[in-house]
Amino acid sequence: MKRTDVLDRLVPRVVKASASAEQFAPSNIALCKYWGKRDRELNLPINASLSVSLDYLGSHTRLIPVDGQRDEVWLNGQQLQPGARFSQKVSAFIDLFRRDQDLYFRVETRNNIPTAAGLASSASGFAALTLALNDALALDLPPEQLSILARMGSGSACRSLFTGFVQWNMGLREDGMDSHGIPLARTWPGFCIGLVEIDAAEKATDSRSGMQRTVETAHLYQSWPLQAAADLSKLQQAIEARDFELLGQTAEQNALSMHATMIASWPPLLYWQPESVAAMQKVWQLRAEGMPVYFTMDAGPNLKLLFQREDRDALLKHFPGLETVEPFGP
Ligand code: DP6
């Protein structure tokens, strides 16, 4: 199935940039990870995933129509070279909407989280860009269709269209029309996420090539879809019952299982730094002392801590300066 066949169903062939637009989308942290694609052109996943959106942390994207012959991409106040990786990804995504028309934009993205440090800024970036294109081109598409479009920019972006807990079903259709984010109607006041920044530098291997390498070279990857399916149902159960230990255990084991498949790839993919391991050990130590704190990690060295509001002050003593988010309020 080609991207254009799917696009024909979502975006009119002739679009017009009617106005400037500005939109925000939150970053999201997966508790059950998306790792591996069954279709690289449409970004269709091998497994379903489940995330929580990070409230005010994410991307603001502004689109201004320009007269030139190419997009101008600005990231955090700096204009990028047309050849820069982010710039190319953004322009390739806008190509999906403009097809062959001369329709270019100045794209200004501001992230209030470190870019490309495993803190899922590509998810919020593509989600905000999709929302802004929906406005600038007056498409007026419903959220599920916007989620499908965002998915084609970056898989995890399909979950950043929504707040709170979001499930991304893998879907069964070849055209991916059933593979998009769905917000779960469950909240969890007092549920906290803490961002432990080990290294904010751009990583050498991005998630896209990392997951492809894992699928192609790690025998261990065969067990991943089973692990993910079992974890997804445990997480649904934990969210339903507000069972924090079940949620934390499941999310931590899911993240470490994903990292095990990365490490078993060739050439090996190890995103951890010595400080990442030290932070994991600190979490395990705190747990041994009775504090219910867990972690998850994406394709980068940083940890995201999962804990409850009543443990925040005690936790801050061990992780000074920890940026914490309460996606559902106190
Ligand atoms: C480890 O969504 O960045 O963060 O679809 O190729 O753009 P592409 O990949 P991306 O991968 C995210 C992987 C992850 C896990 C997750 O967010 O579910």
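Shown above is the structure to which this text applies.
Residues numbered from 1 in each chain as written. Predicted model: local features only at pLDDT ≥ 70, side-chain atom pairs only at ≥ 80, totals over all residues.

In contact at an axis separation of 9 Å, helix α6 (residues 224-241) and helix α7 (residues 244-263) are set at 165° when each is read in the N-to-C sense. Here α6 is positioned roughly antiparallel relative to α7, judged by the angle of their axes. As α6 runs across α7, the sense of the crossing is left-handed. The residues of α7 that touch α6, namely those facing W224, Q227, A228, D231, K234, L235, Q237, A238 and I239, are L246, L247, T250, N254, S257 and T261. Partitioned by chemical class, the residues of the contact of α6 with α7 number seven nonpolar, six polar and two charged. (Axes fitted to C-alpha atoms, helices over the stretch in contact; angles between N-to-C directions. Helix = DSSP H or I, 4+ residues; strand = E, 2+ residues; numbered from the N terminus. Parallel < 35°, antiparallel > 145°, perpendicular 65-115°, else oblique. Left-handed = near helix turned anticlockwise from the far one by under 90°. Contact = placed C-beta atoms within 7 Å. Nonpolar A, V, L, I, M, F, W, Y, C, P; charged D, E, K, R; others polar.)

Below, the discussion takes up the site of the ligand. In the vicinity of the ligand, 16 residues are found, and the nearest of them are A30, S154, G155, S156 and R208. Looking at the shell around the ligand, the elements with two or more residues in it are α3 (121-136) and α5 (207-217). Split into classes, the residues belonging to the shell around the ligand amount to six nonpolar, seven polar and three charged. (Near = placed C-beta within 6 Å.)

A word on the pairing of strand β10 (residues 191-196). The element β10 is largely enclosed, with a buried count of five among its six residues. Bridge count for β10 against strand β12 (residues 303-308) is six bridges, and the pairing is antiparallel. Within β12, the position partnered with L195 by the bridge is K304. (Buried ≥ 20, exposed ≤ 12 C-beta atoms within 10 Å, placed from the backbone. Pairing = 2+ DSSP bridges.)

Just geometry here; none of it tells us what the structure is for.
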